[in-house]
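Chain by chain, the residues:
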Amino acid sequence: MEKIDSGTSDKMVLETLGRRIRQERINQNITQIDLASRAGVGRIVVQRLEGGKGCALGAFTKILRALGRLAQIDLFLPEPGISP
């Protein structure tokens, strides 16, 4: 498993996210066409994301929701507390 950290290039971040999204889709036995349909995006959006090309934030949100993974956002970017 590739770890993303502050030294990871933007290109590598997109490629890693794409691979992770692809693997999650495969683990759920969903085709790209089915995922695109469930998310309300075009198949090309799913293909580009999985291929490490990225996509718009709105499309990414829809894809995470369609995969049942939208709540994962709270794990990587929790609500900031009140600053002292």
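A few points on the structure. Here the structure is a predicted model, which means the values were calculated and not measured.

## Topic: the packing of helix α2 (residues 32-39) against helix α4 (residues 57-66)
Packing of α2 against α4 leaves a shortest axis separation of 8 Å and a crossing angle of 110°. Relative to α4, the element α2 lies roughly perpendicular. Only K62, I63 and A66 of α4 make contact with α2, whose side of the interface consists of L35, R38 and A39. Class assignment for the residues of the contact of α2 with α4 results in 4 nonpolar, no polar and 2 charged.

## Examining the nonpolar core
Counting residues in hydrophobic clusters, the biggest one holds 14 residues, and the most contacted among them are I21, L35, V41, V46, I63 and L67. Only α2, α3 (43-50) and α4 provide two or more residues apiece to this core. Per-element tally for this core: the top contributor is α4, with 5 residues. Setting aside anything within four residues of it in sequence, one finds V41 in contact with A36, V46, A59, K62 and I63.

## Describing α2
Every buried residue of α2 is accounted for by Q32, L35, A36 and A39. Relative to the axis of α2, the buried residues are bounded by an arc of 100° and lie together on one face. For α2, the exposed residues lying more than 90 degrees away from the buried face are I33, S37 and R38. Looking at the buried side of α2, the elements it contacts are α1 (10-27), α3 and α4. Positive backbone phi, at 75°, marks G40, one or two positions downstream of α2.

## Quick notes on the packing of α2 against α3
Think of two packed helices as two axes; the pair is described by the angle between the axes and how far apart they sit. It is the contact of α2 with α3, at a shortest axis distance of 8 Å, that shows an interaxial angle of 115°. In terms of their interaxial angle, α2 and α3 are classed as roughly perpendicular. Once α2 is placed against α3, the crossing between them reads as right-handed. Across from Q32, I33, L35 and A36 in α2, the residues of α3 making contact are R43, V46, Q47 and E50. Residues belonging to the contact of α2 with α3 are distributed by class as follows: 4 nonpolar, 2 polar and 2 charged.

Reading guide: rules and limits
Residues numbered from 1 in each chain as written. Predicted model: local features only at pLDDT ≥ 70, side-chain atom pairs only at ≥ 80, totals over all residues. Heavy atoms only, no water. Axes fitted to C-alpha atoms, helices over the stretch in contact; angles between N-to-C directions. Helix = DSSP H or I, 4+ residues; strand = E, 2+ residues; numbered from the N terminus. Parallel < 35°, antiparallel > 145°, perpendicular 65-115°, else oblique. Contact = heavy atoms within 4.5 Å. Nonpolar A, V, L, I, M, F, W, Y, C, P; charged D, E, K, R; others polar. Core = buried A, V, L, I, M, F, W, Y, C linked by side-chain atoms within 4.5 Å. Buried < 20%, exposed > 50% of the residue type's maximum accessible area, 1.4 Å probe, protein only. Arc of directions from axis to C-beta. Left-handed = near helix turned anticlockwise from the far one by under 90°.

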